[in-house]
Amino acid sequence: MEQYFTLNEDLKQMLESSKDSAKLDAMKRIVGMIAKGKNASELFPAVVKNVASKNIEIKKLVYVYLMRYAEEQQDLALLSISTFQRALKDPNQLIRASALRVLSSIRVPIIVPIMMLAIKEASSDLSPYVRKNAAHAIQKLYSLDPEQKEMLIEVIEKLLKDRSTLVAGSVVMAFEEVCPDRIDLIHKNYRKLCNLLVDVEEWGQVVIIHMLTRYARTQFVSPWKVDEVVDEYSENNFYDSDEEQKEKDQKLKTTYTMDPDHRMLLRNTKPLLQSRNAAVVMAVAQLYWHLAPKSEAGIVSKSLVRLLRSNREVQYIVLQNIATMSIQRKGMFEPYLKSFYVRSTDPTMIKTLKLEILTNLANEANISALLREFQTYVKSQDKQFAAATIQAIGRCATNITEVTDTCLNGLVCLLSNRDEIVVAESVVVIKKLLQTQPAHHGEIIKHMAKLLDNITVPVARASILWLIGEYCERVPKIAPDVLRKTAKSFTNEDDLVKLQILNLGAKLYLTNSKQTKLLTQYVLNLGKYDQSYDIRDRTRFIRQLIVPNEKSGALSKYAKKIFLAQKPAPLLESPFKDRDHFQLGTLSHTLNIRATGYLELSKWPEVAPDPSVRNVDVAESAKEWTGILGKPKKEKPTEKFYSESEEEEDDSAGTSSSGSESDSESEKEDKEEGNTDESSGSSSPSEESTDSESDGKESAAKKTFRAVNESDSEDIRKKVEGISKKRSTSSSSDTEYSSSEESSSSSKSESDSKSDSESGKSRNATSNKVTMQVSVPTKSHDLLHRMSGKGLAAHYHFSRQPGIFGDRMVPVQVTAINTTDQKIENIHIGEKKLPPGMRMQEFNPIDCLEPGGSITATVGIDFCDSTQTASFQLCTKDDHFNVSIQPPVGELLLPVTMSEKDFKKEQGMLTGMNEMSATIAVAPQNSTSLVIIERVVKAANLGVVPSGQDNIHRFAAKTVHSGSLMLVTVELKESSTAQLIINTEKTVIGSVLLRELKPVLSQG
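Residues numbered from 1 in each chain as written. Predicted model: local features only at pLDDT ≥ 70, side-chain atom pairs only at ≥ 80, totals over all residues. Heavy atoms only, no water.

**Comments concerning the overall build of the protein**
Alright, step 1. Along the backbone of the protein there are 42 helices and 15 strands.
Alright, step 2. Across the protein, every contact between residues at least 6 apart in sequence was considered, and the portion connecting residues at least 24 apart equals 68%.
Alright, step 3. Here the protein has roughly 48,000 Å² of accessible surface; of this, 51% comes from carbon and sulfur atoms. (Helix = DSSP H or I, 4+ residues; strand = E, 2+ residues; numbered from the N terminus. Contact = heavy atoms within 4.5 Å. Areas by Shrake-Rupley, 256 points an atom, 1.4 Å probe, with all protein chains shown as cover.)

**Side note on the packing of helix H8 (residues 112-122) against helix H10 (residues 149-160)**
Alright, step 1. The contact between H8 and H10 brings their axes to 10 Å, and the two run at 15°. Classified by the interaxial angle, the pair formed by H8 and H10 is roughly parallel. Taken as a pair, H8 and H10 cross one another with a handedness that is left-handed. Contacts between H8 and H10 involve Met116, Ile119 and Lys120 from the former and Met151, Leu152, Val155 and Lys158 from the latter.
Alright, step 2. Classifying every residue of the contact of H8 with H10 gives 5 nonpolar, no polar and 2 charged. (Axes fitted to C-alpha atoms, helices over the stretch in contact; angles between N-to-C directions. Parallel < 35°, antiparallel > 145°, perpendicular 65-115°, else oblique. Left-handed = near helix turned anticlockwise from the far one by under 90°. Nonpolar A, V, L, I, M, F, W, Y, C, P; charged D, E, K, R; others polar.)

**What to know about the side chain of Glu373**
Alright, step 1. If you trace the backbone, Glu373 turns up in helix H21 (residues 367-378).
Alright, step 2. Buried and unpaired, Glu373 has no salt bridge, with Arg372 as the nearest side chain of opposite charge at 7.4 Å.
Alright, step 3. Separated by 2.6 Å, the side chains of Glu373 and Tyr377 make a polar contact.
Alright, step 4. Not counting chain neighbours up to four residues away, the residues in contact with Glu373 comprise Tyr341 and Val342. (Buried < 20%, exposed > 50% of the residue type's maximum accessible area, 1.4 Å probe, protein only. Lys, Arg positive; Asp, Glu negative; His and termini not counted. Salt bridge = Lys/Arg side-chain N within 4 Å of Asp/Glu carboxyl O. Polar contact = N/O pair within 3.5 Å; in protein donor to acceptor, adjacent residues only side chain to side chain.)

**A look at a nonpolar patch on the surface**
Alright, step 1. Where nonpolar side chains cluster on the molecular surface, the patch consists of Leu555, Tyr558 and Ile562 and spans about 290 Å² of accessible area.
Alright, step 2. Its location among the elements puts Tyr558 in the loop between helix H30 (533-546) and helix H31 (559-563).
Alright, step 3. Note on Tyr558: relative accessible area 44%, which makes it partly exposed. (Patch = residues over 30% accessible without salt bridge, like charges linked within 9 Å, V, L, I, M, F, W, Y side chains within 5 Å.)

**Considerations on unusual backbone geometry**
Alright, step 1. Phi angles above zero are rare outside glycine, and Asn826 is one such case at about 55°.
Alright, step 2. The phi dihedral of Cys864 is positive, around 55°, even though this residue is not glycine.
Alright, step 3. Following the sequence through the fold, Cys864 ends up in the loop between strand E7 (854-862) and strand E8 (870-875).
Alright, step 4. For Cys864, a relative accessible area of 26% translates into the label partly exposed.

**Quick word on the sheet that holds strand E6 (residues 846-849)**
Alright, step 1. The 4 strands lie next to each other as E6-E4-E8-E9, forming an open sheet whose pairing is antiparallel. The two strands at the open ends of the sheet, each matched to only one other strand, are E6 and strand E9 (880-885). The average angle at which neighbouring strand axes cross in this sheet is 35°, direction not considered.
Alright, step 2. With 6 bridges joining them, E8 and E9 adopt antiparallel strand pairing. Paired with Leu874 across the bridge in E9 is Phe881. (Pairing = 2+ DSSP bridges.)

**Focus on the pairing of strand E4 (residues 824-833)**
Alright, step 1. As defined by bridge partners, E4 adjoins E6 across 3 bridges and the pair is classed as antiparallel. The partner of Ile824 across the bridge, within E6, is Leu849.

**Quick look at the sheet that holds E7**
Alright, step 1. Within the open sheet, the 5 strands sit side by side as E1-E2-E3-E7-E5. Their pairing is antiparallel. Two strands lie at the open edges of the sheet, namely strand E1 (781-784) and strand E5 (839-841), each paired on one side alone. Adjacent strand axes in the sheet meet at a mean angle of 30° when their direction is disregarded.
Alright, step 2. In this sheet, strand E3 (residues 810-818) lies alongside strand E2 (residues 792-798) in antiparallel orientation, the contact comprising 7 bridges. By the bridge assignment, Leu792 is partnered in E3 with Asn818.

**So, the pairing of E7**
Alright, step 1. Sheet topology note: the E3/E7 ladder contains 8 bridges and is antiparallel. Residue pairing in the sheet places Ile817 in a bridge with Ser854 of E7.
Alright, step 2. In this sheet, E7 lies alongside E5 in antiparallel orientation, the contact comprising 3 bridges. Residue Arg839 lies in a different strand from E7, and its bridge partner there is Asp862.

**Digging into helix H41 (residues 929-939)**
Alright, step 1. Along H41, the residues classified as buried are Ile932, Ile933, Val936 and Val937. Looking down the long axis of H41, one finds its buried residues gathered within 115° of arc, a one-sided arrangement. (Arc of directions from axis to C-beta.)

**Remarks on the environment of Gly860**
Alright, step 1. Summarising the element assignment, Gly860 is placed in strand E7.
Alright, step 2. Exposure remark for Gly860: the relative accessible area of 0% places this residue in the buried category.
Alright, step 3. The sequence separation of Gly860 and Gly806 amounts to 54 residues, and the corresponding C-alpha distance is 8.5 Å.
Alright, step 4. Setting aside residues up to four positions removed in sequence, Gly860 forms contacts with Phe805, Met809, Val810, Arg839, Met840 and Gln841.

**A few points about the environment of Met332**
Alright, step 1. In this fold, Met332 is placed in the loop between helix H19 (312-328) and helix H20 (348-361).
Alright, step 2. As a C-alpha pair, Met332 and Ile322 span 10 residues in sequence and 9.6 Å in three-dimensional space.
Alright, step 3. Filtering out sequence-adjacent residues up to four positions away, Met332 remains in contact with Trp289, Ala297, Gly298, Val300, Ser301 and Met325.

**Let's talk about the packing of H8 against helix H9 (residues 128-144)**
Alright, step 1. Where H8 contacts H9, the two axes come as close as 9 Å, and the packing angle between them is 155°. As judged from the angle between their axes, H8 and H9 are roughly antiparallel. Here the hand of the crossing between H8 and H9 comes out left-handed. Where H8 abuts H9, its residues Val112, Met115, Met116, Ile119 and Ala122 lie against Val130, Arg131, Ala134, Ala137, Ile138, Leu141 and Leu144.
Alright, step 2. Each residue belonging to the contact of H8 with H9 can be placed in one class, and the counts come to 11 nonpolar, no polar and 1 charged.

**Section: the packing of aromatic side chains**
Alright, step 1. Per the counting criterion, the structure on display carries 11 aromatic pairs.
Alright, step 2. Ring plane angle 50° and centroid distance 5.9 Å describe the contact between Phe44 and Tyr65, whose orientation is recorded as tilted. In this pair, Phe44 is assigned in helix H3 (residues 44-48) and Tyr65 in helix H4 (residues 56-69), connecting sequence segments 21 residues apart.
Alright, step 3. The buried category is assigned to Phe44, whose relative accessible area is 1%.
Alright, step 4. Sitting above the plane of the Trp289 ring, Arg329 keeps its charged end 4.1 Å from the centroid.
Alright, step 5. One Lys or Arg, Arg614, reaches over the ring of Tyr190 and ends 5.7 Å from the middle of that ring. (Phe/Tyr/Trp six-rings, centres within 6.5 Å; stacked < 30°, edge-to-face > 60°. Lys NZ or Arg CZ within 6 Å of the ring centre and 35° of its normal.)

**A closer look at the confidence of the model for the protein**
Alright, step 1. Residue-level pLDDT values for the protein average 78, and 79% of them are 70 or greater.
Alright, step 2. Every residue in residues 229-236 scores below 50 in pLDDT, and together they form 7 contacts with partners more than four places removed in sequence or on other chains.
Alright, step 3. Segment residues 621-774: pLDDT under 50, and 212 contacts once partners within four positions in sequence are set aside and those in other chains are kept. (pLDDT = per-residue confidence, 0-100.)

**Observations concerning helix H2 (residues 20-35)**
Alright, step 1. Given a rise of 1.5 Å per residue, 16 residues ought to cover 22 Å, and the 22 Å separating the end C-alpha atoms of H2 matches this to within 8%.
Alright, step 2. Where H2 is concerned, the buried positions are Ala22, Lys23, Leu24, Ala26, Met27, Ile30, Met33 and Ile34.
Alright, step 3. Gly37 sits one or two residues past H2 and shows a positive phi near 90°. (Expected span 1.5 Å × (residues − 1).)

**Regarding the pattern of salt bridges**
Alright, step 1. Counted by the stated rule, this structure contains 34 salt bridges.
Alright, step 2. Asp261 is the salt-bridge partner of Arg191, the closest N and O atoms lying 2.9 Å from each other. One end of the pair, Arg191, is in helix H12 (residues 190-196); the other, Asp261, is in helix H16 (residues 260-269), with 70 residues separating them in the sequence.
Alright, step 3. A relative accessible area of 24% means that Arg191 is categorised as partly exposed.
Alright, step 4. Asp261 gets classed as buried once you look at its relative accessible area, which sits at 5%.
Alright, step 5. Here Lys485 ties to Asp453 by a salt bridge, and the two come within 3.3 Å at their closest N and O atoms. Placement of the pair is Lys485 in helix H27 (residues 478-488) and Asp453 in the loop between helix H25 (442-451) and helix H26 (458-470), with a sequence separation of 32 residues.
Alright, step 6. Asp453 sits in the exposed class, given a relative accessible area of 52%.
Alright, step 7. Connected through salt bridges with shared partners, the residues Arg191, Asp259, Asp261 and Arg614 form a single ionic network.

**Quick notes on the side chain of Asp865**
Alright, step 1. Note that Asp865 resides in the loop between E7 and E8.
Alright, step 2. Of the polar contacts made by the side chain of Asp865, one reaches the side chain of Thr959; its length is 3.2 Å.
Alright, step 3. A polar contact of 2.7 Å, which involves the side chain of Asp865, links it to the side chain of Ser962.
Alright, step 4. When neighbours within four sequence positions are excluded, Asp865 is seen to be in contact with Leu892, Thr959, Val960, His961, Ser962, Lys986 and Ile989.

Right under this line is the structure:
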């Protein structure tokens, strides 16, 4: 322990050293500690100090450290947010990107608005590498706060227009995570993505191809119809006259014409079949399988066979997909039959899949070669594989009638094999084959009866007994003797075998009662007292059915028809037959079960949607591209975290001659590194020139933009204010508030920067103000006590997840707990006793709750903006319990995002009767910003509004049912007092909220 303490002190001293070499050495050792799994969180404060280091290597390692510990050390990470925000303005693209990565790694809901602004700014960055990281951050922010979805979709829409190959794959991945159903965002970018595809990095190619596959299935008509029409005409044209044939040929020509955009996708993905990345080849293969005409899909087979030289994991996935393909289209892989021959070094899973494919490809032409191959496989030391080979032989025998007898004879020969597993599997397969033509194979049944003494595997013994019982009339002398032998060993047999002995006895009793009557009764008596209730039940059933007595019902007349009915022959099918409804290359296809997040391929539309939606106006696209290059745009003001005066102060403070020289050199090197990665992916001259610019040019472009923007700022401000006026006239509309968020965010940075520059606040102060919404877990309330509920306990809490049951419903999570030692069945909601206007959305009935188990379900309740109780019955199979849910007033709200300017404007319209206030005493420890925000948001579901003053905290929300605004202001005064003001049209809710918030802020 002392040594560890000394080591950490030593590292702290090195980090505080004035020499970069010592700091770099310390950071390398710290990252090494992390790699070994040691805890280095104690060094967090010392490491954070070096975030502002001018040495690029130190900065990179500091950011690696921060990404590891930012989530664990949330408080310390929050304190250093201003440093990351400053780094977002760094002239070096690598530092800007790293800062964004660290910021998005801090999984703290309170900084969601800061992350949102950072992503918006990074999405317009001159560097494609930074824009790529912005796309990555979108997914992290969405997982942290799904309520930001609409704002994130706007950023995704903007990044989808980006022409950089570096960005394309990342933004499509963000699209797939956040809004995969928004196909309309792809229309204008479809052709661009098709053309960029070849130059995108490999993992980006995989994501884009899968997305375009789904897109194409919704926008183009099926290319497979033409193949179906050809088949139909080829069958019927023998009797047609020449004129009729000409008419059909003409009709065939006009039946299908492939959309040029459909052809473009197939053409642009074809070269990727040569990719060295197996995932890319697999993605293209599934695209051709799902989208290409059947005549063209064959080109993927050679590339897939090439992948069989890869490692075993890749082989496994590729072989699974080939197995599915080979069932429907054998011709694709027949030329490569020998590529699927099993090697002795293959693991069992690969051997089994190759065997499956060989069986699928078997036909009259190659069956003799395959059977020779199978004979070798049966001798394998891998018993699981040998058993699978025997099943494959059986499938070949049923599929190809010419070799049925040959296969059957070969399987009979295997019955003399020394290996018990091989013999058992052979018996099972022979049984299935004999069902297809039992009349010709009496000798085989006799041979198998003789083997019964030696075979011990239960499945094989049961199969032999079933065969003898089913065809007992063909072996009348052997069947009774078999029953005699098995009756002796009945008590020692497996349950599966016992059931077949009972069946055999019943069938012989019905067909040959003279010889077997006593034997059957003996077996039935043994079964009557068996330990297994399955055996006992079967015995009672058979006795009543075959032995007539007074109690026997009408069924005993039909005993023969029941036991000796003609059974249909079993179908020996491929286990991959049902997998084709999953998209190839997906996890769901591999597991043969629907995986979480799986997106189904839609069916081909009967009529193609309007193709003009993919047309792009040339002038519009040029305009968008020039916007990325740094020309003035109206959205630009939203991308500034700080005021211009602050930026100038920072610039002037950091301009030392030696520092600027070293910075510019490092910037050039970094930019050159970035350009080598991007040069291959560039698709237009303008992009190449932009990517090759140095950071010096980049900062010059920013200054030019700022000068132009200042000249137009007055016009922009007027337009923004006009928009916000229009949008905020009706505060109760949900849609209006969501749209006003855009205008308020665009005007926010200007108004905030003005107030900041006037008051002369530091960057650290401004960084903590930008807060919109915090998700806080709320406490649970008792719904049903275990004593009242006869062992069933239940509690509920408000999950604060809007939109689950609709806009007006409050989601409530109900957790049911079984405290008894018995199952509780059919838990559901019964009779509801709700006040007028109140509605309730029930959860689906819970079939069974195991002893000691618990389960959570969600109900939606429209409380009509009141705190009235929702009473209902919580029912089980046997009981009904009266329960009720009463909402705290804070849970009847939804957080609203708005700027400080909009807040003041709305507050001015809600004065007089709509304003309630109170003065409260605040404990000293409750007077900090973070504590006030945490306490208020925990008590009520409010969104945090950015504030330009440290002593004033503002919160905004709307009521769930009516959408009426609820504005809360906490203003700290001198002498430990604060004024709490609430402005709302809903005065009743406002007064109740005021009453509930007072003790929250005043308590110690």
